[in-house]
Amino acid sequence: MKGNGFVFRGLKAVARMCLLSWILLIVPSANADPPPMVIAHESLQDDVITLPMLRAIFSMRLHSLQGERLTVFVLDTRHPDHEAFSKEVLGVFPYQLQNAWNRVIYSGTGRGPVIVESPQEMLRRVGQTPGGIGYVGAPVDHPDVRVISMEAGR
Amino acid sequence: MKRRGQGVCLSLAVLGSLWGAPVQAGGPLELHGFASQGYLYSNGNDYYGPSRDGSFELTELGINARYAVTPSLSLAAQVVSRRAGELYDGDPRLDYGFVDYRFLDGPLIGGVRLGRAKIPIGFYNETRDVATTRPGILLPQTVYVEGLGVRDFYIGADGLHTYWQWFTDRGLFQFDLGVAVPATLQEETQAAFLRTQDAPGDLKLTSGQNARLLYERDGGALRLGATYSRVRTEYRPGDLTSPPLAAGETSVDALVLSAEWNRERLSLTTEGVIRRLHPKGYGPLTGDAYTEAGYYLQGTYRFNHQWEGVVRHEQHWNDTRDRSGTRQSREFEPLPRAPHRFYQHQWTVGAGWRPTPQWLLRAEWHHIEGTALTPLADNPQFDQGGGQVRWDLFALQASYTF
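Residues numbered from 1 in each chain as written. Chains lettered and ligands numbered in written order. Predicted model: local features only at pLDDT ≥ 70, side-chain atom pairs only at ≥ 80, totals over all residues. Heavy atoms only, no water.

### Focus: a nonpolar patch on the surface
Residue and element names in this part refer to chain B. Going by this rule: Nonpolar side chains (Val, Leu, Ile, Met, Phe, Trp, Tyr) are joined into patches within 5 Å and like charges within 9 Å, using only residues with over 30% relative accessible area and no salt bridge. What sets the accessible areas is the Shrake-Rupley method with a 1.4 Å probe; for residues, cover comes only from the shown protein chains. Just to be clear on terms, a salt bridge is a Lys or Arg side-chain nitrogen sitting within 4 Å of an Asp or Glu carboxyl oxygen. Each helix is a run of H or I in the DSSP string that is no shorter than four residues. Each strand is a run of E no shorter than two, and both are numbered from the N terminus.
A surface patch of nonpolar side chains, about 950 Å² in accessible area, is lined by Y101, F103, L104, L108, W164, W166, F173, F175, L177, V179 and L213. Going through the elements one at a time, β5 (93-104), β7 (157-168) and β8 (171-180) are the ones with two or more residues in the nonpolar patch. The leading source of residues in the nonpolar patch is β8, at four residues.

Following this line, the structure appears as structure tokens:
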């Protein structure tokens, strides 16, 4: 009987470990922060954009906007801001964006996004690049960058 | 063998020299590439080289450049070296090379590509040689044919390609239409198509068209596709007085239907194909049209950002009116082929690990019944009625993309 108790204690410990790893790996972390904001170089005229167009831009399907060649900036796909932007703003999962980029890059039908190291670099590069578009997690105050809002009724 | 080695070396040299090229990210010129190496181990039959003893003969290398001349005009090209057992020897080839003119860019996109472009068939054909874009090491062969000799057309067609994309609140609609110009097919394609290694003369693509309609809802949560392709080929044996195979022509009409459902962890994918082939000529034996068909069901589960698992079931029949292959095997009297040459069903279980976004390591196991989609070039015993009906294939692959 003593042996059995030992076995069950062991099983309970394994079950707890499984639950813990389930929580760590599977359950998405709760994110109380507001979703990232879309930012663009001031050369892009519109302050408002629709969700389908935003998806078209960040999946690298659209090459230009208002005659200006677009340059899309993103953070490393493992960065929490990238995941938040992808899921909460675009409504797609990061792996779907990555798949869309791979499809255009390796079929020659489009370009890949420019991957930047940090939100600070994102802000700087978008501000320097006519036709640049990206996102930041915190409110911005940068002379060459405008915040783009999503058109209501999505 | 020597030529093979040189081909791969040349590609490596090109890759290496461009590696450090000063390309400013976000500038008009963009460079990307990929490299992958596979290992295959099997029992019963060979797949991509002598895999019964272990084979490293699956190597894929590629480099591409895209240059934006103006916002609406771009040039794009990719060179690929693919070594795949006895089927492909690794000689670098121009995978695509075209001028892309986009006359509409906005909620409605419209454009044309002139030159050699990838043919969109189903979900994966445009990037079929790029390991990281595939759902496993090997693509489901019933849809993404390799042994069937229209692969030349499938991997890249010279001609005019138009594309349309329409972004709406109800989803994305995409339409691609490609028209190929006549071309002489590669020797290895000819061998696969005529199902014999030593037919002299030329196999020509006389006409080829492909149309795909794709719909994506909610940013790709649901993806639906339909592809129709029409290929006509013609074989001329040359000036021989008694060629082993008489002149002939073949029409191939294929319909591929695709559906995919994507959640954060889980993706379910299915594609099916109906391919009608009509050979005429080639001697007294051939003549009747027949219909090939197949499908696969696939589930991918992402455990976290790095690990994923995949399970796939696939079925394929060379002739839907003879699913067991018995009638087709007798057609080769007095040297009948084994009936398993005319169907192939398989289960695949695999795992993938992406330690970084650039690297992907994969392992997968296939339990296979039949050999219809197994390369004849790797298994000459098939032509003597040999081969094993039930067999297993284990594969490993490392791939790097940039």
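### Considering empty space enclosed by the protein
We apply this condition: The method works on a 1 Å grid over the protein atoms by themselves. A cavity is a set of points holding a 1.4 Å probe that cannot get out, a pocket is an open set with protein on both sides within 12 Å along at least five of seven lines, and residues with an atom within 4 Å of a point line them. Grid points are joined across faces, edges and corners, and a volume is the space filled by probe spheres set on the points. Basically, the charged four are Asp, Glu, Lys and Arg, the nonpolar ten are Ala, Val, Leu, Ile, Met, Phe, Trp, Tyr, Cys and Pro, and anything else, Gly included, counts as polar.
Per the counting criterion, the structure on display carries nine cavities of 30 Å³ or more. Here the largest cavity is characterised by a volume of approximately 240 Å³. Around the largest cavity, the lining comprises 20 residues; the ones closest to its centre are R61(A), V104(A), T109(A), Q165(B) and Q174(B). For the lining of the largest cavity, the secondary-structure elements that each account for two or more residues are α4 (94-107) of chain A together with β7, β8 and β10 (202-217) of chain B. Looking at the lining of the largest cavity element by element, the count peaks at four residues for α4(A). Here the residues of the lining of the largest cavity are counted per class, giving five nonpolar, six polar and nine charged.

### Notes on the confidence of the model for chain A
Residue and element names in this part refer to chain A. Quick note on the threshold: Note: pLDDT gives the predictor's confidence per residue, expressed from 0 to 100. Whether two residues touch is decided by their heavy atoms; if any such pair falls within 4.5 Å, the residues are in contact.
Confidence along chain A averages 85 in pLDDT terms, with 77% of residues attaining 70 or more. At the low end of the mean pLDDT range in chain A sits helix α1 (residues 2-25), at 56; at the high end sits strand β5 (residues 71-75), at 97. Across residues 26-30 the pLDDT falls below 50, and counting only partners more than four positions away or on other chains, this stretch makes six contacts in the model.

### Re the packing of aromatic side chains
As a reminder of what qualifies: Aromatic pairing here means that ring centres of Phe, Tyr or Trp (its six-membered ring) are within 6.5 Å. Orientation follows from the plane angle: under 30 degrees is stacked, over 60 is edge-to-face, and everything else is tilted. With a 1.4 Å probe rolled over the protein chains alone, any residue whose accessible area is under 20% of its type maximum counts as buried; one over 50% counts as exposed, and the rest are partly exposed. Both a distance and an angle decide whether a charge sits over a ring: NZ of Lys or CZ of Arg must be within 6 Å of the ring centre and within 35 degrees of the ring normal.
Throughout the structure, instances matching the rule amount to 21 aromatic pairs over all chains. An angle of 80° between the planes, with centres 6.4 Å apart, marks the rings of F123(B) and Y124(B) as edge-to-face. Pairing F173(B) with Y215(B) gives two aromatic rings, centres 4.9 Å apart and planes at 40°, and the pair type is tilted. Residue F173(B) is found in strand β8, and its partner Y215(B) is found in strand β10; the two are separated by 42 residues along the sequence. The class of F173(B) is partly exposed, set by a relative accessible area of 32%. Y215(B) gets classed as buried once you look at its relative accessible area, which sits at 19%. Put simply, the rings of F58(A), F85(A) and Y135(A) pair up and form one aromatic cluster. For R302(B), the ring lying beneath its charged end belongs to Y95(A), and the centroid distance is 3.3 Å. Above the ring of W317(B), the side-chain terminus of R323(B) is found at 4.3 Å from the ring centroid.

### A closer look at helix α3 (residues 80-90) of chain A
Residue and element names in this part refer to chain A. If you check which residues of α3 are buried, you get H82, A84, F85, S86, V89 and L90. Check the buried side of α3 and you find it contacts β1 (37-41), α2 (51-58), β5, α4, β7 (132-136) and β8 (145-150). Immediately downstream of α3, the backbone of G91 shows phi near 75°, a positive value.

### A word on the interface of chain B and chain A
Note the cut-off: By buried area we mean the combined loss of accessible area, with a 1.4 Å probe, across both parts when two parts are placed together. Think of a polar contact as two N or O atoms within 3.5 Å of one another; within protein, one of them needs to be a possible hydrogen donor and the other a possible acceptor, and neighboring residues in sequence only count if both atoms come from side chains.
Listed as interface residues are 57 residues of chain B and, on the opposing side, 36 residues of chain A. When chain B packs against chain A, close to 3,700 Å² is buried across both sides, 51% of that on carbon and sulfur atoms. When the area that chain B buries against chain A is broken down by residue, the three leading residues are R66(B), P71(B) and E264(B), summing to 15%. For the pair chain B and chain A, the number of links is three salt bridges. Joining chain B to chain A, the criterion identifies 23 residue pairs in polar contact (both at pLDDT 80 or more). Split by residue class, the side of chain B that touches chain A holds 20 nonpolar, 21 polar and 16 charged.

### Focus: the confidence of the model for chain B
It should be kept in mind that the predicted coordinates are not to be read in detail where pLDDT is low. All names here are of chain B. A residue-level look at chain B finds 89% of positions with pLDDT of 70 or above and a mean pLDDT of 89. For residues 1-12, every residue scores under 50 in pLDDT, and the model assigns this stretch 17 contacts once sequence neighbours within four places are set aside. A low-confidence stretch, residues 18-22 (pLDDT under 50), is modelled with five contacts involving residues beyond four sequence positions or located in other chains.

### Considering the packing of α3(A) against α4(A)
Residues and elements named next belong to chain A. The test is simple: Convention adopted: a line fitted to C-alpha atoms gives each axis, helices being fitted over their contacting stretch, and angles between N-to-C directions are expressed from 0 to 180 degrees. In what follows, roughly perpendicular refers to angles from 65 to 115 degrees, roughly parallel to angles under 35, roughly antiparallel to angles over 145, and oblique to any angle outside these ranges.
In the contact formed by α3 and α4, the axes pass within 9 Å of each other and the chain directions differ by 95°. Comparing the axis directions of α3 and α4 gives the class roughly perpendicular. Mapping the contact onto sequence places H82, E83, S86, K87 and L90 in α3 and P94, L97 and W101 in α4. Considered class by class, the residues forming the contact of α3 with α4 number four nonpolar, two polar and two charged.

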